[in-house]
Amino acid sequence: MLLAGVPMNWMIRWAGPFPLFVKEGKGARITDVDGHSYVDFCLGDTGSMFGHSPKAVVDAVSRQVRRGITMMLPTEDSIWVGRELGRRFGLPYWQVAMTATDANRYSIKIARMATGRKKILVVDGCYHGSVDEALVSLENGRVVPRKGNLGAPIDPAVTTKVVEFNDIEALERALRPQDVACVLIEPAMTNHGIILPDPGYHEALRELTLKYGTLLIDDETHTLCCGVGGYTREYGLDPDIITMGKPLASGVPVAAYGISRRVTDLVFDRIHDDEDESGIGGTLSGNALAVAAMRATLEKVYTEANFRKMMPLAERFSKGVEDAIVSEELPWQVTRLGVRIEYSFMPKPPRNGSEVDAHKDSELEKLMHLMALNRGILLTPFHNMALISPATKREDVDLHTGVFQESVSALVR
Ligand SMILES: Cc1ncc(COP(=O)(O)O)c(C=O)c1O
(Lines give C-alpha, C1' and ligand atoms only; values in the text may rest on other atoms or scores of the structure.)
Protein backbone atom coordinates (compact mmCIF):
# COMPACT_ATOMS: atom_id res chain seq x y z
CA MET A 1 0.00 0.00 0.00
CA LEU A 2 1.27 3.49 -0.80
CA LEU A 3 2.10 5.68 2.16
CA ALA A 4 -0.84 8.09 2.59
CA GLY A 5 -2.44 6.39 -0.44
CA VAL A 6 -0.62 8.57 -2.98
CA PRO A 7 2.69 8.29 -4.87
CA MET A 8 4.07 11.41 -3.17
CA ASN A 9 3.19 12.21 0.44
CA TRP A 10 2.20 15.83 -0.18
CA MET A 11 -0.44 14.85 -2.75
CA ILE A 12 -2.94 14.44 0.07
CA ARG A 13 -2.75 18.23 0.41
CA TRP A 14 -4.46 19.12 -2.90
CA ALA A 15 -7.62 21.18 -2.37
CA GLY A 16 -10.54 18.91 -1.45
CA PRO A 17 -10.61 15.75 0.65
CA PHE A 18 -8.69 13.64 -1.89
CA PRO A 19 -6.59 14.23 -4.99
CA LEU A 20 -7.98 13.59 -8.45
CA PHE A 21 -6.93 10.22 -9.78
CA VAL A 22 -6.03 10.69 -13.41
CA LYS A 23 -7.10 8.49 -16.29
CA GLU A 24 -5.42 10.50 -19.00
CA GLY A 25 -3.53 13.68 -19.75
CA LYS A 26 -3.44 15.01 -23.30
CA GLY A 27 -2.33 18.46 -24.42
CA ALA A 28 -3.64 20.99 -21.91
CA ARG A 29 -6.37 18.72 -20.50
CA ILE A 30 -6.60 15.91 -18.03
CA THR A 31 -9.47 13.47 -17.49
CA ASP A 32 -10.03 11.84 -14.12
CA VAL A 33 -11.09 8.26 -13.45
CA ASP A 34 -14.70 9.41 -13.06
CA GLY A 35 -14.63 10.87 -16.57
CA HIS A 36 -14.49 14.58 -15.58
CA SER A 37 -12.34 16.71 -17.84
CA TYR A 38 -10.26 19.66 -16.61
CA VAL A 39 -8.25 22.39 -18.26
CA ASP A 40 -4.84 21.85 -16.72
CA PHE A 41 -3.02 25.05 -15.76
CA CYS A 42 -0.88 23.13 -13.23
CA LEU A 43 0.82 21.04 -15.92
CA GLY A 44 2.60 18.83 -13.42
CA ASP A 45 4.02 21.94 -11.70
CA THR A 46 6.10 22.63 -14.83
CA GLY A 47 7.01 19.01 -15.66
CA SER A 48 4.44 19.14 -18.46
CA MET A 49 4.78 22.82 -19.29
CA PHE A 50 4.81 21.90 -22.98
CA GLY A 51 1.54 19.95 -22.70
CA HIS A 52 0.86 16.33 -21.87
CA SER A 53 2.40 13.79 -24.25
CA PRO A 54 3.36 16.04 -27.20
CA LYS A 55 3.34 13.96 -30.39
CA ALA A 56 7.00 14.53 -31.28
CA VAL A 57 8.08 13.22 -27.88
CA VAL A 58 5.67 10.28 -27.95
CA ASP A 59 7.12 9.31 -31.36
CA ALA A 60 10.74 9.65 -30.21
CA VAL A 61 10.11 7.71 -27.01
CA SER A 62 8.23 4.97 -28.88
CA ARG A 63 11.15 4.65 -31.31
CA GLN A 64 13.79 4.57 -28.58
CA VAL A 65 11.92 2.20 -26.29
CA ARG A 66 12.33 -0.49 -28.96
CA ARG A 67 16.05 0.27 -29.40
CA GLY A 68 17.16 0.09 -25.78
CA ILE A 69 16.07 2.04 -22.74
CA THR A 70 19.19 2.10 -20.62
CA MET A 71 22.65 0.85 -21.66
CA MET A 72 24.92 2.90 -19.39
CA LEU A 73 26.59 4.12 -22.59
CA PRO A 74 26.14 7.36 -24.54
CA THR A 75 23.94 7.54 -27.64
CA GLU A 76 24.37 10.04 -30.47
CA ASP A 77 21.42 12.03 -29.13
CA SER A 78 23.55 13.02 -26.14
CA ILE A 79 26.02 14.84 -28.43
CA TRP A 80 23.21 16.78 -30.08
CA VAL A 81 21.64 17.62 -26.72
CA GLY A 82 24.92 18.85 -25.20
CA ARG A 83 25.57 21.15 -28.19
CA GLU A 84 22.03 22.47 -28.22
CA LEU A 85 21.99 23.27 -24.51
CA GLY A 86 25.31 25.06 -24.94
CA ARG A 87 23.95 27.08 -27.87
CA ARG A 88 20.87 28.14 -25.93
CA PHE A 89 22.29 28.82 -22.49
CA GLY A 90 25.83 29.93 -23.33
CA LEU A 91 27.77 27.44 -21.14
CA PRO A 92 30.16 25.03 -22.88
CA TYR A 93 29.96 21.81 -20.81
CA TRP A 94 26.83 19.89 -19.87
CA GLN A 95 25.94 16.83 -17.86
CA VAL A 96 22.70 14.90 -17.55
CA ALA A 97 20.92 13.90 -14.33
CA MET A 98 17.53 12.39 -13.56
CA THR A 99 15.89 15.20 -11.57
CA ALA A 100 16.43 18.89 -10.97
CA THR A 101 17.07 18.04 -7.32
CA ASP A 102 20.00 15.89 -8.42
CA ALA A 103 21.28 18.53 -10.84
CA ASN A 104 21.39 20.95 -7.89
CA ARG A 105 23.05 18.45 -5.56
CA TYR A 106 25.75 17.62 -8.11
CA SER A 107 26.33 21.29 -8.89
CA ILE A 108 26.79 22.08 -5.21
CA LYS A 109 29.36 19.27 -4.95
CA ILE A 110 31.21 20.62 -8.00
CA ALA A 111 31.20 24.11 -6.48
CA ARG A 112 32.62 22.75 -3.22
CA MET A 113 35.26 20.82 -5.11
CA ALA A 114 36.19 23.85 -7.24
CA THR A 115 36.43 26.35 -4.38
CA GLY A 116 37.50 24.17 -1.46
CA ARG A 117 34.75 25.80 0.59
CA LYS A 118 31.90 24.03 2.38
CA LYS A 119 29.01 26.48 2.81
CA ILE A 120 26.35 27.44 0.30
CA LEU A 121 24.04 30.44 0.22
CA VAL A 122 20.35 30.47 -0.71
CA VAL A 123 17.53 33.00 -0.38
CA ASP A 124 14.67 32.76 2.10
CA GLY A 125 11.61 31.07 0.59
CA CYS A 126 13.64 29.23 -2.03
CA TYR A 127 12.91 25.73 -3.26
CA HIS A 128 15.51 23.76 -5.17
CA GLY A 129 14.06 20.28 -4.68
CA SER A 130 14.79 17.93 -1.80
CA VAL A 131 18.33 19.25 -1.31
CA ASP A 132 18.89 19.22 2.45
CA GLU A 133 21.19 22.25 2.43
CA ALA A 134 18.46 24.33 0.79
CA LEU A 135 15.53 23.20 2.98
CA VAL A 136 16.12 26.11 5.32
CA SER A 137 14.40 29.26 6.53
CA LEU A 138 15.49 32.59 7.92
CA GLU A 139 13.89 33.22 11.32
CA ASN A 140 14.80 36.48 13.07
CA GLY A 141 18.14 36.44 11.27
CA ARG A 142 18.85 32.80 12.19
CA VAL A 143 19.11 29.88 9.77
CA VAL A 144 16.72 27.11 10.87
CA PRO A 145 15.56 23.84 9.26
CA ARG A 146 12.51 24.20 7.00
CA LYS A 147 9.39 23.18 8.89
CA GLY A 148 8.45 19.72 7.67
CA ASN A 149 11.88 18.56 6.46
CA LEU A 150 12.21 14.99 7.63
CA GLY A 151 15.38 13.79 9.29
CA ALA A 152 17.74 16.57 8.21
CA PRO A 153 21.27 15.08 8.42
CA ILE A 154 22.78 18.03 10.32
CA ASP A 155 21.80 21.48 11.54
CA PRO A 156 21.54 23.44 8.24
CA ALA A 157 23.11 26.51 9.90
CA VAL A 158 26.37 24.55 9.55
CA THR A 159 26.02 24.17 5.79
CA THR A 160 23.99 27.15 4.67
CA LYS A 161 23.70 30.92 4.85
CA VAL A 162 20.33 32.49 4.03
CA VAL A 163 19.54 36.04 2.96
CA GLU A 164 16.40 37.68 1.60
CA PHE A 165 16.02 37.90 -2.17
CA ASN A 166 16.79 41.39 -3.51
CA ASP A 167 18.88 42.29 -0.43
CA ILE A 168 22.31 43.17 -1.83
CA GLU A 169 23.77 44.42 1.48
CA ALA A 170 22.92 41.18 3.31
CA LEU A 171 24.37 39.23 0.40
CA GLU A 172 27.67 41.09 0.62
CA ARG A 173 27.84 40.61 4.41
CA ALA A 174 27.30 36.87 3.94
CA LEU A 175 29.89 36.50 1.16
CA ARG A 176 32.59 38.72 2.70
CA PRO A 177 34.14 36.00 4.98
CA GLN A 178 34.92 34.08 1.75
CA ASP A 179 33.65 30.76 3.07
CA VAL A 180 30.75 30.32 0.63
CA ALA A 181 31.28 27.86 -2.23
CA CYS A 182 28.22 28.89 -4.23
CA VAL A 183 25.05 30.93 -4.32
CA LEU A 184 22.18 28.69 -5.49
CA ILE A 185 19.34 30.87 -6.70
CA GLU A 186 16.41 31.06 -9.11
CA PRO A 187 16.88 34.09 -11.40
CA ALA A 188 13.31 35.03 -10.45
CA MET A 189 11.71 33.27 -7.50
CA THR A 190 8.81 30.98 -8.41
CA ASN A 191 8.23 28.80 -5.39
CA HIS A 192 7.00 31.44 -2.98
CA GLY A 193 4.83 33.21 -5.45
CA ILE A 194 6.57 34.87 -8.36
CA ILE A 195 9.14 37.36 -7.08
CA LEU A 196 10.97 39.35 -9.72
CA PRO A 197 14.50 40.68 -9.20
CA ASP A 198 14.91 44.41 -8.62
CA PRO A 199 16.61 46.28 -11.46
CA GLY A 200 20.36 45.79 -11.00
CA TYR A 201 20.02 42.81 -8.63
CA HIS A 202 21.59 40.28 -10.98
CA GLU A 203 24.46 42.61 -11.89
CA ALA A 204 25.22 43.07 -8.16
CA LEU A 205 24.90 39.34 -7.50
CA ARG A 206 27.39 38.53 -10.26
CA GLU A 207 29.80 41.27 -9.18
CA LEU A 208 29.78 40.21 -5.53
CA THR A 209 30.12 36.48 -6.22
CA LEU A 210 33.14 37.19 -8.44
CA LYS A 211 34.62 39.60 -5.87
CA TYR A 212 34.46 37.02 -3.07
CA GLY A 213 35.35 33.91 -5.12
CA THR A 214 31.90 32.32 -4.81
CA LEU A 215 30.38 30.41 -7.73
CA LEU A 216 26.97 31.43 -9.02
CA ILE A 217 24.48 28.63 -9.76
CA ASP A 218 21.28 29.71 -11.48
CA ASP A 219 18.47 27.19 -11.07
CA GLU A 220 16.45 27.59 -14.26
CA THR A 221 14.09 24.66 -13.63
CA HIS A 222 11.00 26.88 -13.45
CA THR A 223 12.33 29.96 -15.24
CA LEU A 224 12.56 27.96 -18.47
CA CYS A 225 9.09 29.50 -18.77
CA CYS A 226 10.79 32.73 -19.93
CA GLY A 227 11.87 31.43 -23.33
CA VAL A 228 14.02 28.92 -25.22
CA GLY A 229 17.16 29.85 -23.28
CA GLY A 230 15.39 30.46 -19.98
CA TYR A 231 15.87 33.62 -17.96
CA THR A 232 19.61 33.43 -18.64
CA ARG A 233 19.25 34.08 -22.34
CA GLU A 234 16.29 36.42 -22.07
CA TYR A 235 18.09 38.75 -19.65
CA GLY A 236 21.75 38.08 -20.54
CA LEU A 237 22.91 36.48 -17.26
CA ASP A 238 26.41 35.05 -16.86
CA PRO A 239 26.37 32.31 -14.18
CA ASP A 240 29.08 29.69 -13.55
CA ILE A 241 26.61 26.80 -13.49
CA ILE A 242 23.00 26.45 -14.69
CA THR A 243 20.68 23.70 -13.48
CA MET A 244 17.34 22.59 -14.91
CA GLY A 245 14.94 19.67 -15.09
CA LYS A 246 11.18 19.06 -15.15
CA PRO A 247 9.93 20.02 -18.68
CA LEU A 248 13.26 19.39 -20.45
CA ALA A 249 12.02 16.04 -21.78
CA SER A 250 8.31 16.91 -21.62
CA GLY A 251 7.97 15.13 -18.28
CA VAL A 252 10.11 12.06 -18.97
CA PRO A 253 12.48 12.20 -15.97
CA VAL A 254 15.66 14.00 -16.97
CA ALA A 255 17.65 17.01 -15.83
CA ALA A 256 20.79 18.81 -16.95
CA TYR A 257 23.43 21.14 -15.63
CA GLY A 258 25.78 23.34 -17.58
CA ILE A 259 29.23 24.33 -16.37
CA SER A 260 31.56 27.15 -17.42
CA ARG A 261 35.07 26.52 -18.72
CA ARG A 262 36.52 28.29 -15.68
CA VAL A 263 34.84 25.76 -13.34
CA THR A 264 35.51 22.67 -15.45
CA ASP A 265 39.21 23.65 -15.58
CA LEU A 266 39.21 23.43 -11.78
CA VAL A 267 37.50 20.04 -11.50
CA PHE A 268 38.23 18.18 -14.76
CA ASP A 269 41.22 16.21 -13.50
CA ARG A 270 39.20 14.90 -10.57
CA ILE A 271 36.28 13.93 -12.81
CA HIS A 272 38.69 11.94 -15.02
CA ASP A 273 40.32 10.25 -12.05
CA ASP A 274 40.30 6.44 -12.40
CA GLU A 275 39.22 6.18 -8.80
CA ASP A 276 36.18 8.36 -9.44
CA GLU A 277 33.45 7.80 -6.90
CA SER A 278 32.42 11.40 -7.05
CA GLY A 279 28.90 10.93 -5.74
CA ILE A 280 27.70 12.50 -8.98
CA GLY A 281 25.27 10.76 -11.31
CA GLY A 282 23.51 7.40 -11.07
CA THR A 283 23.08 4.24 -13.10
CA LEU A 284 20.08 5.63 -14.98
CA SER A 285 21.45 9.17 -15.49
CA GLY A 286 21.52 10.02 -19.18
CA ASN A 287 19.71 6.84 -20.17
CA ALA A 288 18.95 6.54 -23.87
CA LEU A 289 15.20 6.96 -23.46
CA ALA A 290 15.45 10.16 -21.43
CA VAL A 291 18.00 11.69 -23.79
CA ALA A 292 15.88 10.82 -26.84
CA ALA A 293 12.90 12.50 -25.15
CA MET A 294 15.04 15.55 -24.34
CA ARG A 295 16.23 15.84 -27.94
CA ALA A 296 12.67 15.63 -29.30
CA THR A 297 11.52 18.23 -26.77
CA LEU A 298 14.32 20.65 -27.64
CA GLU A 299 13.93 20.10 -31.40
CA LYS A 300 10.17 20.12 -31.75
CA VAL A 301 8.42 21.34 -28.61
CA TYR A 302 10.52 23.74 -26.53
CA THR A 303 10.77 26.10 -29.50
CA GLU A 304 10.54 29.78 -30.41
CA ALA A 305 7.45 29.00 -32.48
CA ASN A 306 5.65 27.56 -29.46
CA PHE A 307 6.66 30.51 -27.27
CA ARG A 308 5.20 32.86 -29.89
CA LYS A 309 1.87 31.04 -29.39
CA MET A 310 2.09 30.82 -25.59
CA MET A 311 3.14 34.37 -24.68
CA PRO A 312 0.01 36.22 -25.90
CA LEU A 313 -2.17 33.69 -24.06
CA ALA A 314 -0.16 34.22 -20.88
CA GLU A 315 -0.70 37.98 -21.23
CA ARG A 316 -4.40 37.37 -21.79
CA PHE A 317 -4.61 35.16 -18.68
CA SER A 318 -2.84 37.75 -16.57
CA LYS A 319 -5.02 40.60 -17.85
CA GLY A 320 -8.20 38.58 -17.13
CA VAL A 321 -7.13 38.13 -13.50
CA GLU A 322 -6.02 41.75 -13.18
CA ASP A 323 -9.32 43.08 -14.54
CA ALA A 324 -11.31 40.97 -12.07
CA ILE A 325 -9.13 42.16 -9.16
CA VAL A 326 -9.64 45.79 -10.21
CA SER A 327 -13.37 45.36 -10.80
CA GLU A 328 -13.87 43.99 -7.27
CA GLU A 329 -11.36 46.48 -5.75
CA LEU A 330 -9.44 43.64 -4.08
CA PRO A 331 -6.02 44.35 -2.50
CA TRP A 332 -4.50 41.54 -4.61
CA GLN A 333 -1.89 41.50 -7.33
CA VAL A 334 -0.92 39.35 -10.30
CA THR A 335 2.61 38.85 -11.66
CA ARG A 336 3.65 37.22 -14.93
CA LEU A 337 7.00 35.64 -15.70
CA GLY A 338 7.01 34.48 -19.32
CA VAL A 339 4.24 31.89 -19.56
CA ARG A 340 3.90 31.53 -15.77
CA ILE A 341 1.31 33.64 -13.96
CA GLU A 342 0.58 33.93 -10.26
CA TYR A 343 -1.79 36.05 -8.21
CA SER A 344 -1.47 36.66 -4.48
CA PHE A 345 -3.49 38.23 -1.69
CA MET A 346 -1.32 41.30 -1.30
CA PRO A 347 -1.59 44.77 -2.81
CA LYS A 348 1.87 45.00 -4.39
CA PRO A 349 4.18 42.45 -6.01
CA PRO A 350 6.43 40.91 -3.31
CA ARG A 351 10.18 41.65 -3.18
CA ASN A 352 11.13 38.69 -0.99
CA GLY A 353 9.91 35.52 0.71
CA SER A 354 9.00 37.20 4.03
CA GLU A 355 6.61 39.60 2.30
CA VAL A 356 4.86 36.60 0.75
CA ASP A 357 4.63 34.82 4.12
CA ALA A 358 3.11 37.92 5.73
CA HIS A 359 0.17 37.79 3.27
CA LYS A 360 -0.30 34.05 2.96
CA ASP A 361 -3.84 32.77 3.43
CA SER A 362 -3.90 29.01 2.95
CA GLU A 363 -7.64 28.69 3.60
CA LEU A 364 -8.53 31.27 0.97
CA GLU A 365 -6.06 29.70 -1.44
CA LYS A 366 -7.67 26.28 -0.97
CA LEU A 367 -11.12 27.76 -1.44
CA MET A 368 -10.09 29.45 -4.71
CA HIS A 369 -8.56 26.19 -5.95
CA LEU A 370 -11.64 24.19 -5.03
CA MET A 371 -13.97 26.68 -6.73
CA ALA A 372 -11.80 26.42 -9.84
CA LEU A 373 -11.65 22.61 -9.68
CA ASN A 374 -15.43 22.32 -9.39
CA ARG A 375 -15.68 24.44 -12.53
CA GLY A 376 -13.24 22.35 -14.58
CA ILE A 377 -9.92 24.09 -13.88
CA LEU A 378 -6.81 22.63 -12.24
CA LEU A 379 -4.31 25.02 -10.61
CA THR A 380 -1.00 24.24 -8.92
CA PRO A 381 -1.45 23.22 -5.27
CA PHE A 382 -0.19 25.63 -2.54
CA HIS A 383 0.15 28.39 -5.11
CA ASN A 384 -2.16 30.48 -7.23
CA MET A 385 0.02 29.65 -10.18
CA ALA A 386 -0.91 28.88 -13.76
CA LEU A 387 1.16 27.83 -16.75
CA ILE A 388 0.32 28.19 -20.41
CA SER A 389 1.33 25.33 -22.72
CA PRO A 390 1.50 25.21 -26.52
CA ALA A 391 -1.74 23.19 -26.37
CA THR A 392 -3.61 25.75 -24.23
CA LYS A 393 -6.39 27.46 -26.15
CA ARG A 394 -7.83 30.94 -25.96
CA GLU A 395 -11.15 29.40 -24.76
CA ASP A 396 -9.27 27.71 -21.87
CA VAL A 397 -7.87 31.05 -20.76
CA ASP A 398 -11.28 32.70 -21.08
CA LEU A 399 -12.86 29.89 -19.06
CA HIS A 400 -10.40 30.66 -16.26
CA THR A 401 -11.11 34.40 -16.48
CA GLY A 402 -14.86 33.75 -16.13
CA VAL A 403 -14.40 31.34 -13.22
CA PHE A 404 -11.97 33.68 -11.44
CA GLN A 405 -14.36 36.62 -11.86
CA GLU A 406 -17.28 34.50 -10.58
CA SER A 407 -15.23 33.33 -7.57
CA VAL A 408 -14.03 36.76 -6.47
CA SER A 409 -17.51 38.27 -6.98
CA ALA A 410 -18.98 35.52 -4.76
CA LEU A 411 -16.27 36.16 -2.15
CA VAL A 412 -16.90 39.88 -1.78
CA ARG A 413 -20.73 39.62 -1.64
C1 LIG B 1 13.40 25.81 -8.88
C2 LIG B 1 13.34 24.34 -8.65
N3 LIG B 1 14.47 23.62 -8.69
C4 LIG B 1 14.46 22.29 -8.50
C5 LIG B 1 13.29 21.63 -8.22
C6 LIG B 1 13.31 20.15 -8.00
O7 LIG B 1 12.71 19.47 -9.05
P8 LIG B 1 12.46 17.90 -8.91
O9 LIG B 1 11.44 17.75 -7.84
O10 LIG B 1 11.96 17.49 -10.24
O11 LIG B 1 13.74 17.27 -8.54
C12 LIG B 1 12.10 22.33 -8.15
C13 LIG B 1 10.83 21.64 -7.84
O14 LIG B 1 9.78 22.21 -7.69
C15 LIG B 1 12.12 23.72 -8.37
O16 LIG B 1 11.01 24.45 -8.28
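Asker: Looking at this structure, I do not really get the overall build of the chain. What am I missing?
Answerer: Scanning the chain for helices and strands turns up 13 helices and 16 strands. Its C-alpha radius of gyration of 21 Å places the chain within 12% of the 22 Å reference for a compact globule of 413 residues. Seen along its three principal axes, the alpha-carbon backbone of the chain occupies a region of about 65 × 55 × 45 Å. Burial analysis of the chain (413 residues in total) assigns 54% to the buried set. For the chain, restricting intrachain contacts to residue pairs at least 6 apart in sequence, the fraction spanning at least 24 positions comes to 71%. Summing over all exposed atoms, the chain offers an accessible surface of approximately 19,200 Å²; the carbon and sulfur share of this is 54%. Across the chain, the centroid of the 46 positively charged side chains sits 3 Å from that of the 54 negatively charged ones.

Asker: It is not clear to me how the layout of surface pockets should be interpreted in this structure. Could you clarify?
Answerer: Left-over empty space is what a probe sized like a water molecule reveals as it rolls over the atoms. Volume-wise, the second largest pocket comes out at about 880 Å³. Listed by contribution, the elements that provide at least two residues to the lining of the second largest pocket are α2 (76-89), β4 (93-97), α3 (100-115), β12 (255-259), α8 (261-271) and α9 (288-301). A class-by-class count of the residues in the lining of the second largest pocket yields 18 nonpolar, 13 polar and one charged.

Asker: Any chance you could explain a nonpolar patch on the surface here in plain terms?
Answerer: Side chains of L367, L411 and V412 sit close together on the surface and give an oily, nonpolar patch of about 210 Å² of accessible area. Looking at where L411 falls in the secondary structure, it is placed in helix α13 (residues 394-412).

Asker: Explain the site of the ligand to me, please; I cannot follow it from the model alone.
Answerer: Around the ligand, the surrounding shell holds 13 residues, and the nearest of these are T101, N191, D219, H222 and K246. Taking T101, its side chain carries an N or O atom lying 2.6 Å from an oxygen atom of the ligand. H222 has a polar side-chain atom sitting 3.2 Å from an oxygen atom of the ligand. Considered on its own, the ligand offers 390 Å² of accessible surface; in the complex 85% of this is hidden by protein. The leading source of residues in the shell around the ligand is α3, at three residues. The residue inventory of the shell around the ligand, partitioned by class, reads two nonpolar, eight polar and three charged.

Asker: Explain the packing of aromatic side chains to me, please; I cannot follow it from the model alone.
Answerer: A complete count under the given rule lists 15 aromatic pairs for this structure. Taking 4.1 Å as the distance between ring centres and 25° as the angle between the ring planes, the aromatic pair formed by Y231 and Y235 counts as stacked. Here the residue Y231 and the residue Y235 both occupy positions in helix α7 (residues 230-235), the gap between them amounting to four residues, near one helical turn. Taking relative accessible area as the criterion, Y231 reaches 6% and is therefore assigned buried. An aromatic cluster is built from W332, Y343, F345 and F404, whose rings are joined through pairwise contacts. In this arrangement the basic side chain of R13 is found over the ring face of F382, its NZ or CZ atom lying 4.3 Å from the centre. Its end group placed over the ring of Y302, R88 keeps NZ or CZ at 5.0 Å from the ring centre.

Asker: Teacher, can you tell me more about the pattern of salt bridges here?
Answerer: Pairs can form between side chains of opposite charge whenever their charged atoms are close. Inspection of every chain in the model, using the stated rule, returns 20 salt bridges. Here E84 ties to R88 by a salt bridge, and the two come within 2.8 Å at their closest N and O atoms. Taken together, the residues E84 and R88, both in helix α2 and four residues apart, mark about one turn of the helix. Judged by relative accessible area, which is 10%, E84 ranks as buried. A salt bridge links R262 to D240, with the shortest nitrogen-to-oxygen separation between them at 2.7 Å. Of this pair, R262 sits in helix α8 while D240 sits in the loop between α7 and β11 (241-244), and the two are 22 residues apart along the sequence. Residue class for R262 comes out partly exposed when judged on its relative accessible area of 43%.

Asker: Can you help me understand the packing of helix α10 (residues 304-327) against α13 in this one?
Answerer: For any two helices packed against each other, the geometry is given by the interaxial angle and the distance between the axes. Running from amino to carboxyl end, α10 crosses α13 at an angle of 15°, the nearest separation of the two axes being 9 Å. The pairing of α10 with α13 is recorded here as roughly parallel in orientation. The interaxial crossing formed by α10 with α13 has right-handed handedness. Between α10 and α13, the residues in contact are L313, R316, F317, G320, V321, A324, I325 and S327 and R394, V397, D398, H400, T401, F404, Q405 and V408, respectively. Each residue belonging to the contact of α10 with α13 can be placed in one class, and the counts come to eight nonpolar, five polar and three charged.

Asker: Got a minute to help me understand the nonpolar core in this structure?
Answerer: Ranked by size, the top nonpolar core spans 64 residues in total, and within it L85, M244, W332, Y343, I388 and F404 carry the most contacts. Take this core: its biggest share by element is eight residues, from α10. Beyond its immediate sequence surroundings of up to four residues, Y343 is in contact with V321, W332, Q333, V334, M368, L379, N384 and F404. Counting 45 residues, the second-largest nonpolar core is a separate cluster that includes A97, L121, V180 and L184.

What counts and what doesn't
Residues numbered from 1 in each chain as written. Predicted model: local features only at pLDDT ≥ 70, side-chain atom pairs only at ≥ 80, totals over all residues. Heavy atoms only, no water. Helix = DSSP H or I, 4+ residues; strand = E, 2+ residues; numbered from the N terminus. Rg over C-alpha atoms; globule rule 2.2 N^0.38 Å. Buried < 20%, exposed > 50% of the residue type's maximum accessible area, 1.4 Å probe, protein only. Contact = heavy atoms within 4.5 Å. Areas by Shrake-Rupley, 256 points an atom, 1.4 Å probe, with all protein chains shown as cover. Lys, Arg positive; Asp, Glu negative; His and termini not counted. Charge placed at Lys NZ, Arg CZ, Asp CG, Glu CD. 1 Å grid on protein atoms, 1.4 Å probe; cavity = no way out; pocket = protein on both sides within 12 Å on 5 of 7 lines; lining within 4 Å. Points joined across faces, edges and corners; volume = space filled by probe spheres on them. Nonpolar A, V, L, I, M, F, W, Y, C, P; charged D, E, K, R; others polar. Patch = residues over 30% accessible without salt bridge, like charges linked within 9 Å, V, L, I, M, F, W, Y side chains within 5 Å. Salt bridge = Lys/Arg side-chain N within 4 Å of Asp/Glu carboxyl O. Near = heavy atom within 4 Å. Polar contact = N/O pair within 3.5 Å; in protein donor to acceptor, adjacent residues only side chain to side chain. Phe/Tyr/Trp six-rings, centres within 6.5 Å; stacked < 30°, edge-to-face > 60°. Lys NZ or Arg CZ within 6 Å of the ring centre and 35° of its normal. Axes fitted to C-alpha atoms, helices over the stretch in contact; angles between N-to-C directions. Parallel < 35°, antiparallel > 145°, perpendicular 65-115°, else oblique. Left-handed = near helix turned anticlockwise from the far one by under 90°. Core = buried A, V, L, I, M, F, W, Y, C linked by side-chain atoms within 4.5 Å.

Remember, this is a structural readout, not a statement about activity or role.
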